[in-house]
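Each chain, letter by letter, is given below.
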Amino acid sequence: MNNFQYSRATDIADAIRLLTADPGAKLIAGGTNLIDLMKENVERPSRLIDISRLPLRDIEETADGGLRIGALVPNSDLAYHPLVEQRYPLLAAAILAGASAQLRNMASVGGNLMQRTRCAYFYDTATPCNKREPGSGCSAIDGLNRNHAILGTSASCIATNPSDMSVALVALGALVHIAGPTGPRTIALTDFHRLPKDKPHVDTNLGTGEIIAAVELPKHGFARNYSYLKIRDRLSYAFALVSVAAALELDGNAISEVRLALGGVAHKPWRSLDAEAALRGRAATPDHFSRAADLLLHGATARAHNRFKIELARRAIVRTLIQAASATPQSQAHKKIA
């Protein structure tokens, strides 16, 4: 049994104060990831700071027509919110592709962004892991690495980010609103998660004492031509081998705007501005989609057991773009097949 202190934050300022005062403290809301990590002795916080009662559960329209989502909004509430279903169906689809209904009922938006890798070596405290114990080594590099990263890896870590929601948010151009001891700040979600480099134990660019207050979506939600494809070992309750979030704006058959992001392939949701630029002004054809896939996967590096991921990702990108262009998202494609 690991001893730890428990505090319940009375407001955001109190949560920041408690977090700043104790470097070993962790925030807890739904606890869907943190509690598992504590059970496995991967995380051993000195204090749990309960933020579940803070006023961060609102979903509100912004002045410029976007949407501000409180950090404590449960994933289920977000996926089924009328404004999300109508204006940001890509986000709803990604959330519903993740976890189980019970977990989505408990998991929060902020917690989803903060969840840690599901690398088996990270969870196995008997094996070296730079993410769990910096400087100890990476067992996955020469071990069983079928589920591991092919993009943005380093000699220190080849783990993947497990979030489905984050992939859609990156594609949509979401912002993260952060509260901290020096005041509020905003960061693009593309810059929120970090690549491993030589510090794989640092997952995000949150500073000391900072917490997520909200996520903001821009006005444009690509509500018609979108698709989220998640390829996994079983249909439900499994993390992605490869996932693709694609969103298009079409003028006839010409692509006027495009967003494209990958999950399951890197330490963070993977987006390539070069791949998107290569599609703008082009016809929505499989050949152009294949070219974008090549650019999105540029620099991909395979290990002994995950070489299949490169071709799998390439085909998934093309398929998802075809579905988005035809306004037939993955959920509807399943229904038509059935």
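Residues numbered from 1 in each chain as written. Predicted model: local features only at pLDDT ≥ 70, side-chain atom pairs only at ≥ 80, totals over all residues. Heavy atoms only, no water.

Colleague: Looking at this model, I keep getting lost on the overall build of the protein chain. Mind explaining?
Modeller: Regarding its fold elements, the protein chain presents 13 helices and twelve strands. Over its C-alpha atoms the protein chain spans a radius of gyration of 20 Å, differing by no more than 12% from the 20 Å that the globule rule assigns to 338 residues. Counting only residues that meet the buried cut, the protein chain has 53% of its 338 residues in that class. When contacts within the protein chain are restricted to residue pairs at least 6 apart in sequence, long-range pairs at least 24 apart make up 63% of them. When the accessible surface of the protein chain is split by element, carbon and sulfur atoms take 51% of a total near 15,300 Å². In the protein chain, 39 positive and 31 negative side-chain charges are present, and the distance between their average locations comes to 4 Å. (Helix = DSSP H or I, 4+ residues; strand = E, 2+ residues; numbered from the N terminus. Rg over C-alpha atoms; globule rule 2.2 N^0.38 Å. Buried < 20%, exposed > 50% of the residue type's maximum accessible area, 1.4 Å probe, protein only. Contact = heavy atoms within 4.5 Å. Areas by Shrake-Rupley, 256 points an atom, 1.4 Å probe, with all protein chains shown as cover. Lys, Arg positive; Asp, Glu negative; His and termini not counted. Charge placed at Lys NZ, Arg CZ, Asp CG, Glu CD.)

Colleague: Looking at this model, I keep getting lost on the sheet that holds strand β2 (residues 25-28). Mind explaining?
Modeller: Taking strand neighbours across the sheet as the criterion, the three strands line up as β1-β3-β2 in an open arrangement whose pairing is parallel. Pairing within the sheet leaves two strands with one partner each, and these edge strands are β1 (5-8) and β2. For this sheet, the mean inter-axis angle between neighbouring strands, taken without regard to orientation, is 25 degrees. Of the strand pairs in this sheet, β1 and strand β3 (residues 47-50) are connected by four bridges, and their pairing is parallel. Residue pairing across strands places Gln 5 opposite Arg 47, the latter belonging to β3. (Pairing = 2+ DSSP bridges. Axes fitted to C-alpha atoms, helices over the stretch in contact; angles between N-to-C directions.)

Colleague: How should I be thinking about helix α12 (residues 308-325) in this particular structure?
Modeller: Since the α-helix advances by 3.6 residues per turn, residues separated by three or four positions end up pointing in the same direction. Here α12 is 18 residues long and its end C-alpha atoms lie 26 Å apart, about the 26 Å a rise of 1.5 Å per residue gives. All buried positions along α12 are accounted for by Lys 309, Ala 313, Ala 316, Ile 317, Val 318, Thr 320, Leu 321, Gln 323 and Ala 324. At the exit of α12 stands Ala 327, carrying a positive phi of roughly 55 degrees. (Expected span 1.5 Å × (residues − 1).)

Colleague: Sorry, what's going on with a nonpolar patch on the surface here?
Modeller: A cluster of nonpolar residues, Met 1, Phe 4 and Tyr 6, forms a patch on the protein surface that exposes about 410 Å² of accessible area. Note on placement: Phe 4 falls in the segment before β1. (Patch = residues over 30% accessible without salt bridge, like charges linked within 9 Å, V, L, I, M, F, W, Y side chains within 5 Å. Salt bridge = Lys/Arg side-chain N within 4 Å of Asp/Glu carboxyl O.)

Colleague: Sorry if this is basic, but what is going on with the packing of aromatic side chains here?
Modeller: Any two aromatic rings considered together are summarised by their centre-to-centre distance and by the angle between their planes. Per the stated rule, a full pass over the model turns up one aromatic pair. Taken together, a centroid distance of 5.8 Å and an interplanar angle of 85 degrees make the contact between Phe 122 and Tyr 123 edge-to-face. (Phe/Tyr/Trp six-rings, centres within 6.5 Å; stacked < 30°, edge-to-face > 60°.)

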